[in-house]
Amino acid sequence: MASQFAKKFTVDGGKGFSLAKINPRDDSLFDDKEKAKAQTAEDAEAINQLQDRLYAEGGRSLLVILQGIDCSGKDGTVRSVFNACGPIGVEVTPFKVPSEEERAHDYLWRVHKACPSKGIIGIFNRSHYEDVLVVKVKKLAAPQAIEQRYEEINDFEKMLSDNGTRILKFMLHISKDEQAERLRERVTNPAKQWKFNPSDLANRKLWDDYMAAYETALKRCSTPHAPWYVIPANHHWVRNAAIARIVRETLEEMAPKYPPAVGWDPKSVVIE
Ligand code: ADP
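Not measured: the values here are computed from a predicted model.

Trainee: It is not clear to me how the environment of Phe5 should be interpreted in this structure. Could you clarify?
Mentor: Mapped onto the elements, Phe5 comes out in helix H1 (residues 4–7). Each residue touching Phe5, except ones within four places of it in the same chain, is listed here: Leu29, Phe30, Ala242, Arg245, Ile246 and Glu249.

Trainee: Before we go on, may I ask you to explain the pattern of salt bridges in this structure?
Mentor: Note on pairing: side chains with opposite charge can pair once their charged atoms come close. Counted according to the given criterion, the structure contains 14 salt bridges. Notably, a salt bridge pairs Glu102 with Arg110, separated by 3.2 Å at the nearest N-O pair. Glu102 sits in the partly exposed class, given a relative accessible area of 25%. Of the residues examined, Arg110 reaches a relative accessible area of 10% and is grouped as buried.

Trainee: Please clarify how the packing of helix H2 (residues 33–57) against helix H11 (residues 236–254) should be interpreted in this entry.
Mentor: Packing of H2 against H11 brings their axes to within 8 Å, and their N-to-C directions diverge by 30 degrees. At the point where H2 passes H11, the crossing takes the left-handed sense. Residues Lys33, Ala36, Lys37, Gln39, Thr40, Glu42, Asp43, Ala46, Ile47, Leu50 and Leu54 of H2 form the contact with H11, whose participating residues are Trp237, Asn240, Ala241, Ala244, Arg245, Val247, Arg248, Leu251, Glu252 and Met254. Its residues placed into classes, the contact of H2 with H11 shows 11 nonpolar, 3 polar and 7 charged.

Trainee: Would you explain a nonpolar patch on the surface in this entry?
Mentor: The grouping of Trp264, Val269 and Ile271 at the surface amounts to a nonpolar patch, some 370 Å² of accessible area in total. Checked against the element boundaries, Trp264 lands in the segment after H11.

Trainee: For this particular structure, what's the right way to read helix H7 (residues 143–162)?
Mentor: Along an α-helix, residues three or four apart share an orientation, since each turn contains 3.6 residues. The terminal C-alpha atoms of H7 lie 29 Å apart, and with 20 residues this matches the ideal 28 Å at 1.5 Å per residue to within 8%. Residue Gly164 follows H7 closely and has a positive phi angle near 95 degrees.

Trainee: Please explain the site of the ligand as it appears in this structure.
Mentor: Looking at the ligand, the residues that line it are Asp70, Phe95, Lys96, Val97, Pro98, Arg110, Arg126, Glu130, Asp131, Val134, Val135 and Leu140. Within the side chain of Asp131, an N or O atom sits 3.1 Å from a nitrogen atom of the ligand. Burial of the ligand by the surrounding chains reaches 78%, relative to a free accessible area of 570 Å². Here the shell around the ligand is built from residues that sort into 6 nonpolar, no polar and 6 charged.

About the thresholds
- Residues numbered from 1 in each chain as written.
- Predicted model: local features only at pLDDT ≥ 70, side-chain atom pairs only at ≥ 80, totals over all residues.
- Heavy atoms only, no water.
- Helix = DSSP H or I, 4+ residues; strand = E, 2+ residues; numbered from the N terminus.
- Contact = heavy atoms within 4.5 Å.
- Salt bridge = Lys/Arg side-chain N within 4 Å of Asp/Glu carboxyl O.
- Buried < 20%, exposed > 50% of the residue type's maximum accessible area, 1.4 Å probe, protein only.
- Axes fitted to C-alpha atoms, helices over the stretch in contact; angles between N-to-C directions.
- Left-handed = near helix turned anticlockwise from the far one by under 90°.
- Nonpolar A, V, L, I, M, F, W, Y, C, P; charged D, E, K, R; others polar.
- Patch = residues over 30% accessible without salt bridge, like charges linked within 9 Å, V, L, I, M, F, W, Y side chains within 5 Å.
- Areas by Shrake-Rupley, 256 points an atom, 1.4 Å probe, with all protein chains shown as cover.
- Expected span 1.5 Å × (residues − 1).
- Near = heavy atom within 4 Å.
- Polar contact = N/O pair within 3.5 Å; in protein donor to acceptor, adjacent residues only side chain to side chain.

All quantities given are derived from atomic positions and should not be read as evidence of function.
The structure is reproduced here in structure tokens:
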């Protein structure tokens, strides 16, 4: 069950969801920037401890999907929300333009292979949703094939969920102005130029098409077993605080436990 906090971000497809109604600058859920940052650090530490239990328990996994337009802050989110976690139990997978081998399979093949095994938190930087976003906007597949994918994705995620993977999907929602600002920063700051890709400008021209494709995907694929959360992401600190809180609450609800000693009694073990 999603908490009251998480519900504020949850996409409810049935009630006329509209992405345009969500303000990317919204910071009203937090009183104070410094407090929110401190809370994020605390939540990140709690996530680390819960992740340790999840790993020890070894029976279930958590999949965190991050989607957003270029410059929406997917990498920054990973850095801030999971920075307290040791590398053993967390796997980050970026999904880029499919390789030749990947293209020779169905679109979920590479995704299924990257799903977290039991005990692991898997983080997807982009995901199978690219197959109904960029693929739709750039017409990289037949419309009928794309149309089928929403149901296929829901079925796929249901199967993962039935098999012990908890799924959280975050859309990092920034404004077009904010993207312009971040692109300018990438162009002018030598420490960020490596992140700039001229193709980002071509994508920016297709902003409205991307937003329409996002809205359709969010509406059609927000399910009880794999909800979509739209996170106002113009402010890094709001984005980080909201996602850290939802991830923490989800892990707390999963309540992973250290397995007890089985077949031996800790009191009777003598180590000399
Ligand atoms: P990022 O922007 O995620 O940091 P890149 O600059 O390498 O990393 O961008 C990855 C690119 O791969 C994006 O433009 C994205 O739309 C594209 N991509 C991801 N998955 C697919 C897919 N299934 N089909 C086509 N393009 C894809």
